[in-house]
Every structure is written in structure tokens, then in C-alpha cells.
Amino acid sequence: MCGFIGYISKKEHSKNPLYRKKLDIYYELLKKRGPDFQTKKKIDYENYEINIGYTRLAIQDLKENSNQIFHNDRYILL
């Protein structure tokens, strides 16, 4: 089983440590759902900051290429 968590905030609000603290708390709780791989990404988009966390439990496909978050300069796919 896998899990993801995230939030979007305006850049002027992103300096508030409460957002990051809550993300970290819930991200730690998610690790039980996916102990094989964990990652976080921060994306700056125009006036917004996007923070995403992802955990993975590898059952059938054990290859590293299957670890998500897939992204390039323009797109992100969970």
C-alpha cells in the first residue's frame, strides 16, 4: 500500500512553520503504509508553494524506476 500527502499555500504564507510541521507529522504517520520508499518534493509555481510527500510499499514491482513522484520541469505525476 502507498500513501501521499500534500498541501498548496501562497508563498507569503509558506514561511509559517505550522504548515511544514503538520506536513512532517503526517508524513511520519504515512511511513507505516510505505516503508520501502519515501520522498518529499517542494515545487514553486508562480505565487504558490506546493509540498508533496509520498511513501511506497513495494510488493510486486521492486524496481527503483517505479518509485514515484514522477516529474519533469513542467509536470508532476503521483
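About the cut-offs
- Position numbers for residues count from 1 along each chain, tracking the sequence in the order it is written.
- Reporting of local features is limited, given that this is a predicted model, to residues whose pLDDT is at least 70; pairs of side-chain atoms are given and counted only at 80 or more, and all residues count toward the totals for whole chains, interfaces and linings.
- Hydrogen atoms and water are omitted, and side-chain values are computed over all heavy atoms in the structure.
- A run of H or I in DSSP counts as a helix once it spans at least four residues, and a run of E counts as a strand once it spans at least two, with each numbered from the N terminus.
- Exposure categories follow from relative accessible area, calculated using a 1.4 Å probe and restricted to protein chains: below 20% of the type maximum is buried, above 50% is exposed, and the middle band is partly exposed.
- Only heavy atoms matter for contacts: two residues are in contact if any of them lie within 4.5 Å across the pair.
- Residue burial considers only the protein chains on display, and all accessible areas are found by Shrake-Rupley using a 1.4 Å probe.
- Note that His is not counted, nor are the chain ends; the positive residues are Lys and Arg, and the negative ones are Asp and Glu.
- Think of each charge as sitting on NZ of Lys, CZ of Arg, CG of Asp or CD of Glu.
- Note on pairing: DSSP must find at least two bridges between two strands before they are called paired.
- In this description, a line fitted to the C-alpha atoms serves as the axis of each element, helices being fitted only across the stretch in contact, and the angle between N-to-C directions of two axes falls anywhere from 0 to 180 degrees.
- Residues adjacent in sequence count toward polar contacts only when both atoms are side-chain atoms; beyond that, a polar contact is any pair of N or O atoms within 3.5 Å, and within protein one must be able to donate a hydrogen and the other to accept it.
- One speaks of a salt bridge when a side-chain nitrogen belonging to Lys or Arg is within 4 Å of a carboxyl oxygen belonging to Asp or Glu.

*Asks:* How would you summarise the overall build of the protein if you had to cite specific residues and measurements?
*Replies:* Of the regular secondary structure elements, the protein holds 1 helix and 5 strands. Sorting the 78 residues of the protein into buried and exposed places 28% on the buried side. Relative to all contacts within the protein whose residues are 6 or more apart in sequence, the contacts with residues 24 or more apart total 53%. Total accessible area on the protein is roughly 6100 Å²; 53% of this is exposed by carbon and sulfur atoms. Taking the average place of the 15 positive charges on the side chains of the protein and the average place of its 10 negative ones, the gap between the two points comes to 4 Å.

*Asks:* Give a description of the sheet that holds strand β3 (residues 48-56) that names residues and reports values.
*Replies:* The sheet built from 3 strands is open, its strands ordered β1-β3-β2 with antiparallel pairing. Every interior strand has two partners, whereas the edge strands, β1 (3-10) and β2 (37-45), have only one. Along the sheet, successive strands turn relative to each other by an average axial angle of 10°, direction set aside. The pairing of β1 with β3 spans 8 bridges and is antiparallel. Within the sheet, the bridge partner assigned to isoleucine 8 lies in β3 and is isoleucine 50. Contacts from helix α1 (residues 17-30) reach β1, β2 and β3 within the one sheet, and its direction differs from that of β1 by about 175°.

*Asks:* A description of the side chain of threonine 55 should follow, citing residues and the corresponding values.
*Replies:* Looking at where threonine 55 falls in the secondary structure, it is placed in strand β3. The exposure class assigned to threonine 55 is buried, which follows from its relative accessible area of 0%. At 3.4 Å, the side chain of threonine 55 and the backbone oxygen of leucine 30 are in polar contact. If we ignore the near neighbours within four places in the chain, the residues touching threonine 55 are Cys2, Gly3, Tyr27, Leu30, Lys31, Arg33, Gly34, Phe37 and Gln38.

*Asks:* How would you summarise the pattern of salt bridges if you had to cite specific residues and measurements?
*Replies:* Any two side chains of opposite charge can pair, so long as their charged atoms come close to each other. Scanning all chains against the criterion turns up 3 salt bridges. For lysine 40, the salt bridge is made with aspartate 24, and the minimal N-O distance between the two is 2.6 Å. On the criterion of sequence distance, the pair formed by lysine 40 in strand β2 and aspartate 24 in helix α1 is long-range, its members being 16 residues apart. Overall, aspartate 24 belongs to the partly exposed group, its relative accessible area being 29%. Across the pair glutamate 28 and lysine 31 runs a salt bridge whose closest N-O atoms are separated by 3.3 Å. Owing to a relative accessible area of 29%, lysine 31 belongs among the partly exposed residues under this scheme.

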